[in-house]
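Observations on the model geometry
The primary structure of each chain is shown beneath.
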Amino acid sequence: MENPNTLLSKIETAHLWAYFHKDWLLSIRSLLRPQLPPHYFVFVESETLLVTPDAEEPSSAVLPDLSLARAERPADDAGRRQLPGATAAVLELDEPCEVFCKYMLLIRRAPENQVVAALELLSPSNKGLGNRWDREKHLRKRNAFLEAGVSLLEIDALTEGERVLPTSVKYLARFQRNAWSAFHHDGRRSLRGWGWNEADPLPFISWTIEDDLAVLVDLTEAMEHACDFNRWEDLV
């Protein structure tokens, strides 16, 4: 495999991250499973999003009290089909949108089925690219995990987009890519961070799941597995 960071940049530039994201995440899951005791389970949580470009701030313009419009129905546009007797719309427009799925890993402990850890591999929309609403949703979810005492590992392997990092690890924004973890114990929160640039190897992360349990997240090995599965070097 070529330089992992170079390949990541090519995938990002080709706008194929949504597809690679899942391959890489599933490879990470495969590496984590053998390291966990039998009563821990690794699940892939999926979420379907409809992403549209950010709309401009609402203007102060006010629609007139009375408008005249001529109802025109394109023959090939079922989305604008108008039934007889219906009031004609005063505004019709189309805007680009894209439906895609996002994935993250959750580690649960039996028999309570309690979420004890979460791994988030950031996507462009998490960083405000394409739609700022998903960035805000991502930050709310991140805060919910932290407030609930869930061990969190967040990996940002994207070079584009806004980096919103916890104050304690904001130094990581100096690097092209970064990862950080937060773990709660004895009434304290412990944070660790990793940062790397184009010429650096991907980090080999020690991630604490619970007080007596830690796993190794080998991003390079997981990426190699993902690339072997779908031949990503040929795609980009």
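See above for the structure.
Residues numbered from 1 in each chain as written. Predicted model: local features only at pLDDT ≥ 70, side-chain atom pairs only at ≥ 80, totals over all residues. Heavy atoms only, no water.

Further remarks concern the overall build of the protein. The number of helices and strands found in the protein is five helices and eight strands. N-terminal to C-terminal, the α/β element order of the protein is α-α-β-β-β-α-β-β-β-β-β-α-α. Counting every position in the protein, which comprises 236 residues, the buried fraction comes to 38%. For the protein, contacts bridging at least 24 residues in sequence account for 61% of all contacts bridging at least 6. Summed over its atoms, the accessible surface of the protein is roughly 14,000 Å², and 52% of this surface lies on carbon and sulfur atoms. (Helix = DSSP H or I, 4+ residues; strand = E, 2+ residues; numbered from the N terminus. Buried < 20%, exposed > 50% of the residue type's maximum accessible area, 1.4 Å probe, protein only. Contact = heavy atoms within 4.5 Å. Areas by Shrake-Rupley, 256 points an atom, 1.4 Å probe, with all protein chains shown as cover.)

Okay, helix α2 (residues 17–32) next. In this model, α2 (16 residues) spans 22 Å end to end at C-alpha, consistent with the 22 Å of a helix rising 1.5 Å per residue. Among all positions in α2, only W17, F20, H21, D23, W24, L25, S27, I28, L31 and L32 are buried. (Expected span 1.5 Å × (residues − 1).)

Let us now look at the pairing of strand β5 (residues 177–185). In terms of burial, β5 is largely enclosed, as seven of its nine residues are buried. Where strand β4 (residues 151–156) and β5 come together, five bridges link them in antiparallel fashion. From the neighbouring strand, L152 faces β5, where its bridge partner is A182. Bridging between β5 and strand β6 (residues 188–196) involves nine bridges; their strand directions are antiparallel. Note that in β6 the partner of R177 across the bridge is W196. Hairpin connection, β5 to β6: the antiparallel pair is bridged by two residues, and D186 has positive phi, about 50°. (Pairing = 2+ DSSP bridges.)

So, about a nonpolar patch on the surface. Together, V90, L91 and L93 line one region of the surface with nonpolar side chains, adding up to about 330 Å² of accessible area. For V90, the location among the structural elements is in the loop between β1 (40–51) and β2 (98–109). For V90, a relative accessible area of 57% puts it in the exposed group. (Patch = residues over 30% accessible without salt bridge, like charges linked within 9 Å, V, L, I, M, F, W, Y side chains within 5 Å. Salt bridge = Lys/Arg side-chain N within 4 Å of Asp/Glu carboxyl O.)

So, on to helix α3 (residues 132–147). Relative to the 22 Å expected for 16 residues at 1.5 Å per residue, α3 spans 23 Å between its end C-alpha atoms, a close match to the ideal helical length. Regarding α3, the residues found buried are D134, R135, H138, L139, R142, F145 and L146. Summarising the axial view, the buried residues of α3 lie within an arc of 140°, below the 170-degree limit, and thus occupy one face. Residues of α3 that are exposed and point over 90 degrees away from its buried face: R140 and E147. A positive backbone phi angle near 80° is found at G149, which sits one or two residues after α3. (Arc of directions from axis to C-beta.)

Residue position: M1 is located in the segment before α1 (4–13). For M1, the residues in contact, after removing those within four places along its chain, are L7, T220, M223, E224, C227 and E233.

Tracing the backbone through its elements, the reader meets T208 in strand β7 (residues 204–210). With sequence-adjacent residues up to four places away left out, T208 is seen in contact with S151, F183, L213 and A214.

Residues A110 and P111 are joined by a peptide bond in cis, for which omega reads 5°. Among the structural elements, P111 can be located in the loop between β2 and β3 (114–121). Positive phi, close to 60°, is recorded for H15, a residue that is not glycine. Secondary-structure assignment places H15 in the loop between α1 and α2. Assessed through its relative accessible area of 70%, H15 is described here as exposed. Of note, the phi angle at R231 is positive, near 50°, even though the residue is not glycine. If you trace the backbone, R231 turns up in the loop between α4 (219–230) and α5 (232–235). Among the residues examined, R231 registers a relative accessible area of 56% and is labelled exposed.

Function cannot be inferred from these measures alone, as they are strictly geometric.
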